[in-house]
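Examination of the molecular architecture
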Amino acid sequence: MNLHEYQAKELLKKYNVPVQEGFACSTVQEAEEAYRQIKTETGSKFAVVKAQIHAGGRGKGAVKETGMNGVKVGKSLEDIQEFAKGILGGTLVTIQTGPAGKVVNKILVAQDMYYDGPSERKEFYLSILLDRSKGQNVIMYSTEGGMNIEDVAHDTPEKIYKEWVHPGGGLQGFQARKIAFNLGLSGEAFKNCVKFVTNLYNAYVGLDCAMLEINPLFKASDDKIIAVDCKLSLDDNALMRHPDVAALRDITEEDPTEVEAGKYNLNFVKLDGNVGCMVNGAGLAMATMDMIKLSGGEPANFLDVGGTANAQTVEAGFKIIMKDPNVKAILINIFGGIVRCDRVAAGVIDAYKNLGNINIPIIVRLQGTNAEEAKKLIDESGLKVQSAILLSEAADLVKKAVA
Amino acid sequence: MSVLVNKNSKILVQGFTGTEGTFHATQMIEYGTQVVGGVTPGKGGSSHLDRPVFNTVADCVKTTGANVSIIFVPPAFAADAIMEAAEAGVELVVCITEGIPVQDMVKVKNYLQGKNTRLIGPNCPGVITAGECKVGIMPGFVFKQGRIGIVSKSGTLTYEAADQVAKAGLGISTAIGIGGDPIIGTPTKDAVALLMADPETDAIVMIGEIGGGMEAEAANWIKENGNKKPVVGFIAGQTAPPGRRMGHAGAIVGGADDTAAAKMKIMEECGIHVVSSPADIGKKMAEVLKK
């Protein structure tokens, strides 16, 4: 699960990680109030307005309706009003959103951290994530902050450092110091960075994050170390022990069909193709998508119905797949183990009859326990459903359906 | 001889009296697996499926001599269950549970280091030595006895492969479902190595999916060790979009190296017979063995 920047920053503050302070606003009036408060607190007329969507590249991205960028720095109440009007409710298109963009329901009105002071300002990069091959958490950091880290990794890999954390011992003081030294810090900034990294790692573990990225990690001109931006995604498997964090989920950021599928406990991912599929098991579901492609079609979705493929799940699956007008055929691929194929077949027939208005070819491949009986049930049902037992037969039927 | 489990393996079930534990333990017993007892904390001293129930894994091991454990404990408590089994000296722990938090598995992996316990899974269908012993949730009848080993991240895709192998006139020695999570006890390479060393296995089916570097690691190992037995490979997720998790917690394309295409290329370069369609696994195996 992903969080908005403003939500992530609130969580980090609980772990004493200094962040660029601000207020999440849904209306222009709220933005005005936030600006007034920031101005009073900081004594500076500068403030930043940031669109809150689950995608990066906001600063360079632009709102479709107004042409305004997703991140703007203002120096007056009028500026903030103009930005809030130009961004709130608009559709922000960035390099990560795709051409459809994402609707901005909230903006973050935040302090400007780029004020003048005794020392030089600097932008760094720091993220914490799982190194799958080592089975350990790793802190990845670079002196090159504020830019796309993939580009840094590609162009100047020597500027990316990694610090692995021992799973038993946790992050040690010498490791946090090493990070601060490698970032070229000294004095107060060094001390602040050591604290920052230590607290950030505690937040990563404490919140069960899948990934925590601070870009830029900012050294202000008064040696403060601050998270100016924050991307936080949580381990879905661990949400059960963080109900307060799970409650921060913003379903308007998710595909509505995927949200609906979730209500039926179906694991669904929307894709752009023309052949829908419904499969038991994630691996077989991916393999079925691949087979659709090799047969000349394009998969319209990933759908794992899990271990219990009964009439209700099949019917829900049908409904969800058929919401997509591009779907020209549906392939149901069930390998019956514990699940009996004849039961699934009966479920398919019931669902088909209940829905009544299916006018695209349905291909059902049932293999495993009671596969022959299942094929017989489908073939004798009188419905426009094609049946197969072998995976290769199903592939041939898909070929015909998309030809 | 066979890999991991055989007719002499003594199995204990953690989460024995729960719905899942009861159902699958019954199926395992019907298959002929020696299930010697189970563990459900608080229910020690009672009996379930005509087998004794214990409060702790250590008690169960001491009384029954169990050397393999299968875990059906809910995700929040599964990491604890794995560590308890390891502490009790169980040689092989098969964890079926799906949905264990990643940070829990980071701890488990560290905990298991230096212990004589091999973990299979989590989030896996288990291990089956055809005709001898089933420690898992797979439909036993699909796995006809024979001399082909299977290593797979996916459950139903393992059944699919076993079925195709049988239809091609061959059979299975041992099938190992290693699991679809980002951190698992036995990676592809280790499972392949076991089958390479098994005199009762002539060839191997290796099924992977997008995400992580385990297939590349296994492929390089196979090549470095002289391609001693033919390997047929398949990678699920050629059509999966980057950045999206496809059902399994570990199945996500993060960079250029963990796409299906990249993995298939490395596997081919290492002498593995890679099929692009999941429908061709059995056919390819028969072809390769005829050569």
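Under an unreviewed UniProt entry, the name given to chain B is Succinate--CoA ligase [ADP-forming] subunit alpha, and the organism recorded is Terrimonas ginsenosidimutans. We quote the UniProt Subunit (unreviewed entry) comment for chain B here in full: "Heterotetramer of two alpha and two beta subunits." Listed under Sequence similarities (unreviewed entry) in UniProt, the entry text for chain B is "Belongs to the succinate/malate CoA ligase alpha subunit family."

An unreviewed UniProt entry annotates chain A as Succinate--CoA ligase [ADP-forming] subunit beta originating from Terrimonas ginsenosidimutans. You can read under Sequence similarities (unreviewed entry) in the UniProt record for chain A the words "Belongs to the succinate/malate CoA ligase beta subunit family." Turning to chain A, the UniProt record has this under Subunit (unreviewed entry): "Heterotetramer of two alpha and two beta subunits."

Things to note about the overall build of chain A
Per the secondary structure count, chain A includes 13 helices and 19 strands. Sequence-distant contacts, at least 24 apart, represent 67% of the contacts inside chain A between residues at least 6 apart. Of the roughly 17400 Å² of accessible surface on chain A, a fraction of 50% belongs to carbon and sulfur atoms. In chain A, 45 side chains carry a positive charge and 51 a negative one; their mean positions are 0 Å apart.

Notes on the environment of E91 of chain B
Residues and elements named next belong to chain B. Mapping E91 onto the fold places it in the loop between α3 (75-87) and β6 (92-95). Remark: the alpha-carbon pair of E91 and D280, spanning 189 residues in sequence, is separated by 36 Å. Filtering out sequence-adjacent residues up to four positions away, E91 remains in contact with N67, N116, T117 and R118.

Some points on the pattern of salt bridges
All names here are of chain A. Taken as a whole, this structure holds 32 salt bridges over all chains when the rule is applied. Of the charged contacts in the structure, one is a salt bridge between K375 and D379, with a shortest N-O distance of 3.0 Å. Of this pair, K375 and D379 both sit in helix α12 (residues 371-379), 4 residues apart, which is roughly one turn of that helix. Assessed through its relative accessible area of 26%, K375 is described here as partly exposed. With relative accessibility at 44%, the residue D379 sits in the partly exposed group. In the salt-bridge network here, residues are joined through shared partners; they are E5, K9, K50, R58 and D229.

What to know about the UniProt feature "active site" (unreviewed entry) in chain B
All names here are of chain B. What UniProt calls "active site" (unreviewed entry) maps, in this numbering, to H248. Structurally, H248 can be placed in the loop between β13 (231-236) and α8 (260-269). A distance of 2.7 Å separates the side chain of H248 from the side chain of E209, its partner in a polar contact.

A look at the sheet that holds strand β1 (residues 22-25) of chain A
All names here are of chain A. One open sheet accounts for 4 strands, arranged β1-β7-β2-β4; its pairing is antiparallel. Strands with a single pairing partner mark the edges of an open sheet, and in this sheet they are β1 and β4 (71-74). Taken over all neighbouring pairs, the strand axes of this sheet differ in orientation by 20° on average, direction set aside. Alignment of strand β2 (residues 47-51) against β4, held across 4 bridges, turns out to be antiparallel. Within β4, the residue paired with V48 across the bridge is V73. Packing against the sheet, helix α2 (residues 28-42) makes contact with β1, β2 and β7 (107-111), and its axis sits at approximately 15° to β7. Relative to β4, helix α3 (residues 77-87) is tilted by about 165°, and along the sheet it contacts β2, β4 and β7.

Notes on the packing of aromatic side chains
Tallying each qualifying case throughout the model produces 6 aromatic pairs over all chains. Between Y141 of chain A and Y161 of chain A, the aromatic rings sit 5.1 Å apart at their centres with planes inclined by 20°, giving stacked as the arrangement. Placement of Y141 of chain A in strand β9 (residues 136-142) and of Y161 of chain A in strand β10 (residues 160-165) is noted, with a sequence separation of 20 residues between them. We classify Y141 of chain A as buried; its relative accessible area is 1%. Note on F181 of chain A and F190 of chain A: the rings are 4.4 Å apart at their centroids and 35° apart in plane angle, and the pair reads as tilted. With a relative accessible area of 15%, F190 of chain A lands in the buried category. Members of the aromatic cluster, each reached through a chain of ring pairs, are F335 of chain A together with F143 and Y159 of chain B. Sitting above the plane of the W164 of chain A ring, K134 of chain A keeps its charged end 4.6 Å from the centroid. In this structure, K115 of chain B packs its charged tip against the face of Y111 of chain B, placed 4.2 Å from the ring centre.

A few points about the side chain of E32 of chain A
Residues and elements named next belong to chain A. Its location among the elements puts E32 in helix α2. Buried charged residue E32 carries no salt bridge. Nearest counter-charge: R36, at 4.2 Å. Residues in contact with E32, not counting those within four places in the same chain, are L77 and Q81.

Description of the packing of helix α7 (residues 214-224) of chain B against α8 of chain B
Between two packed helices, what matters for the description is the angle formed by their axes and the separation of those axes. All names here are of chain B. Where α7 meets α8, the axes come as close as 9 Å, and the angle between the chain directions of the two elements is 5°. With respect to their mutual orientation, α7 and α8 come out roughly parallel. Two secondary-structure elements touch here, α7 through E215, A216, A219, N220 and K223 and α8 through K263, I266, M267 and E269.

Here we look at helix α13 (residues 391-402) of chain A
Its 12 residues give α13 of chain A an end-to-end C-alpha distance of 17 Å, which sits within 8% of 16 Å, the value for a rise of 1.5 Å per residue. Tucked inside the fold, the buried residues of α13 of chain A contact α9 (282-294), β17 (329-336), β18 (362-368) and β19 (385-388) of chain A together with α5 (155-167) of chain B.

A word on the environment of A180 of chain A
Residue and element names in this part refer to chain A. Relative to the helices and strands, A180 is located in helix α5 (residues 173-182). Judged by relative accessible area, which is 0%, A180 ranks as buried. Sequence separation of A180 and Y141 is 39 residues, and the distance between their C-alpha atoms is 10.0 Å. Each residue touching A180, except ones within four places of it in the same chain, is listed here: L185, F190, C193 and V194.

Some thoughts on the nonpolar core
Grouped together as the largest cluster of nonpolar side chains are 95 residues, with contacts concentrated most on I70, V94, F143, I172, V205 and M246 of chain B. The dominant element in this core, judged by the number of residues it contributes, is α9 of chain A, at 8 residues. Residue contacts for I172 of chain B: discarding those within four places in its chain leaves A130, F143, K144, Q145, G146, R147, I148, I150, A162 and V165 of chain B. In terms of nonpolar packing, the next biggest core, distinct from the first, is built from 70 residues, L12, I139 and L185 of chain A together with I183 of chain B among them.

Quick notes on the sheet that holds strand β7 (residues 118-120) of chain B
All names here are of chain B. What the 7 strands build is an open sheet, ordered β3-β4-β2-β1-β5-β6-β7; its pairing is mixed. With one partner strand each, in any of the chains shown, β3 (47-48) and β7 form the two edges of the open sheet. Sheet topology note: the β6/β7 ladder contains 3 bridges and is parallel. Pairing of V93 across the sheet is with L119, part of β7. On top of the sheet, α3 reaches β1 (11-14), β5 (68-71), β6 and β7; it is set at about 170° to β6, its chief contact.

So, the interface of chain B and chain A
Interface size is commonly expressed as the accessible surface area that is lost when the partners come together. With 53 residues of chain B at the interface, the matching set in chain A holds 44 residues. In total, about 3700 Å² of surface goes out of reach between chain B and chain A, with carbon and sulfur atoms giving 64% of it. Linking chain B to chain A there are 3 salt bridges. Among the ionic pairs, D104 of chain B bridges to R241 of chain A, the shortest N-O distance being 2.7 Å. Where chain B touches chain A, the interface holds 13 residue pairs in polar contact (both at pLDDT 80 or more). Those elements that provide at least two residues to the side of chain B that touches chain A are α1 (19-31), α3, α4 (102-112), α5 and β13 of chain B.

Thresholds applied
- Residues numbered from 1 in each chain as written.
- Chains lettered and ligands numbered in written order.
- Predicted model: local features only at pLDDT ≥ 70, side-chain atom pairs only at ≥ 80, totals over all residues.
- Heavy atoms only, no water.
- UniProt positions renumbered as here; feature names shortened; annotations may be inferred.
- Helix = DSSP H or I, 4+ residues; strand = E, 2+ residues; numbered from the N terminus.
- Contact = heavy atoms within 4.5 Å.
- Areas by Shrake-Rupley, 256 points an atom, 1.4 Å probe, with all protein chains shown as cover.
- Lys, Arg positive; Asp, Glu negative; His and termini not counted.
- Charge placed at Lys NZ, Arg CZ, Asp CG, Glu CD.
- Salt bridge = Lys/Arg side-chain N within 4 Å of Asp/Glu carboxyl O.
- Buried < 20%, exposed > 50% of the residue type's maximum accessible area, 1.4 Å probe, protein only.
- Polar contact = N/O pair within 3.5 Å; in protein donor to acceptor, adjacent residues only side chain to side chain.
- Pairing = 2+ DSSP bridges.
- Axes fitted to C-alpha atoms, helices over the stretch in contact; angles between N-to-C directions.
- Phe/Tyr/Trp six-rings, centres within 6.5 Å; stacked < 30°, edge-to-face > 60°.
- Lys NZ or Arg CZ within 6 Å of the ring centre and 35° of its normal.
- Parallel < 35°, antiparallel > 145°, perpendicular 65-115°, else oblique.
- Expected span 1.5 Å × (residues − 1).
- Core = buried A, V, L, I, M, F, W, Y, C linked by side-chain atoms within 4.5 Å.
- Buried area = accessible area lost by both parts, 1.4 Å probe.

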